[in-house]
Amino acid sequence: HSVESGLAIGAFPYSINEERKKKFIFTNFILESDSVFFMKKENYPNWDYKGIESLRGHVIACIRGYYYLEMIQNNGVECSYAPNIESAFKMLLADRVDFVIESEHVGWYTLSSIDSNAHQSVRRSEAYLRSGESGIMLAKDSPEAEAFRILFNKGLQIIKENGTYDSILQEYQH
């Protein structure tokens, strides 16, 4: 991706984990990155994720490079590839796939940018595929990365203390 290839100094949101810490540096925790399943309410009014077996017989919008891809492919779940998350959600809205897997915040934001009324026809699973902390992932070898991380973390602390952080989260949560 762009950070690893040097095209970008950083990217957000990325889950902070030990494997990624070997290759990248991260800002402080920004928000919970809870991967959930988005689906059309009318098609799946009561469905919830109960392990990989609950996905068999359904079509998932898959994006190359996403962490879940190997798990999906190795367990006989059908993928329909999308070039990006916007396309994946458009496939969902057009009934071309059953589910989109994405962090809750990114998912709702993306849906609202495609269709301001999408939250009325789409729901998310109650169960998480994965939950964890996310931050800005920065290139370890970038000369600007450490200075950016320090400056960003100071700014993040300020907005957390003055209430701006909570206001921003409220604006994008459903």
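Provided above is the structure to which this section pertains.
Residues numbered from 1 in each chain as written. Predicted model: local features only at pLDDT ≥ 70, side-chain atom pairs only at ≥ 80, totals over all residues. Heavy atoms only, no water.

So, the state of the cysteines
To be explicit about the condition: Note on terminology: disulfide denotes any pair of cysteine sulfur atoms within 2.5 Å. Comment: elements are numbered from the N terminus, with helices defined as DSSP H or I runs of at least four residues and strands as E runs of at least two. With a 1.4 Å probe rolled over the protein chains alone, any residue whose accessible area is under 20% of its type maximum counts as buried; one over 50% counts as exposed, and the rest are partly exposed.
Counted by the stated rule, this structure contains one disulfide. In this model, Cys62 is linked to Cys79 through a disulfide, with the two sulfur atoms separated by 2.2 Å. Linking Cys62 and Cys79, the disulfide has an S-S dihedral of approximately -65° and is accordingly described as left-handed. Taken together, the residues span a long stretch of sequence, with Cys62 in strand 5 (residues 59-62) and Cys79 in strand 6 (residues 78-81) at a distance of 17 residues. Exposure remark for Cys62: the relative accessible area of 0% places this residue in the buried category.

Some thoughts on helix 4 (residues 85-93)
This is how it is decided: Here the arc refers to the set of directions running from the helix axis out to each C-beta atom. Only heavy atoms matter for contacts: two residues are in contact if any of them lie within 4.5 Å across the pair. Any pair of nitrogen or oxygen atoms within 3.5 Å is treated as a polar contact; in protein, a donor-acceptor pairing is required on top of that, and neighbouring residues in sequence qualify only through side-chain atoms on both sides.
Looking at helix 4, one finds that the buried residues are Ile85, Ala88, Phe89, Met91 and Leu92. Taken around the axis of helix 4, the buried residues stretch over an arc of 155°, which confines them to a single face. Where helix 4 is buried, its residues meet strand 4 (35-40), strand 5, strand 6, strand 7 (99-103), helix 5 (104-114) and strand 8 (122-124). The opening residue of helix 4 is Asn84, an N-cap whose side-chain oxygen sits 3.2 Å from the backbone nitrogen of Glu86.

Section: the pairing of strand 5
Spelled out, the test is: Here, any two strands with at least 2 DSSP bridges between them count as paired.
A two-sided burial pattern is seen for strand 5, the buried positions comprising Val59 and Ala61 on one face and Ile60 and Cys62 on the other. Examined bridge by bridge, strand 5 and strand 6 share four bridges and lie parallel to one another. Counterpart to Ile60 in the pairing with strand 6 is Cys79. In terms of strand pairing, strand 5 meets strand 7 through two bridges, oriented parallel. Within strand 7, the residue paired with Ala61 across the bridge is Val100.

As for the sheet that holds strand 8
To be explicit about the condition: Here an angle of 0 to 180 degrees is reported between the N-to-C directions of two axes, which are lines fitted to C-alpha atoms, with helices fitted over the stretch in contact.
Taken in spatial order, the five strands of this open sheet run 6-5-7-4-8, and their pairing is mixed. At either margin of the open sheet sits one strand with a lone partner, and together these are strand 6 and strand 8. Averaged over all pairs of adjacent strands, the angle between their axes in this sheet comes to 35°, without regard to strand direction. Two strands pair when backbone bridges link them, and strand 4 and strand 7 are joined in this way by four bridges, in the antiparallel orientation.

Points about the pattern of salt bridges
Side chains that differ in charge, positive against negative, can pair when their charged atoms come close. Put simply, the rule reads: Any Lys or Arg side-chain nitrogen found within 4 Å of a carboxyl oxygen on Asp or Glu counts as a salt bridge.
A full pass over the atoms with the stated rule returns four salt bridges. Notably, a salt bridge pairs Asp95 with Lys40, separated by 3.2 Å at the nearest N-O pair. With a gap of 55 residues between them, Asp95 in the loop between helix 4 and strand 7 and Lys40 in strand 4 connect regions that are remote in the sequence. Classification of Asp95 as partly exposed rests on a relative accessible area of 44%. Classification of Lys40 by relative accessible area gives buried; the value is 8%. Glu146 is the partner of Arg149 in a salt bridge, and the nearest nitrogen-oxygen pair spans 2.6 Å. With Arg149 and Glu146 both in helix 6 (residues 145-162) and three residues apart, this pair spans about one turn of that helix. Classification of Arg149 as partly exposed rests on a relative accessible area of 22%. Glu146 gets classed as partly exposed once you look at its relative accessible area, which sits at 35%.

None of the figures reported here should be taken as evidence of function without further support.
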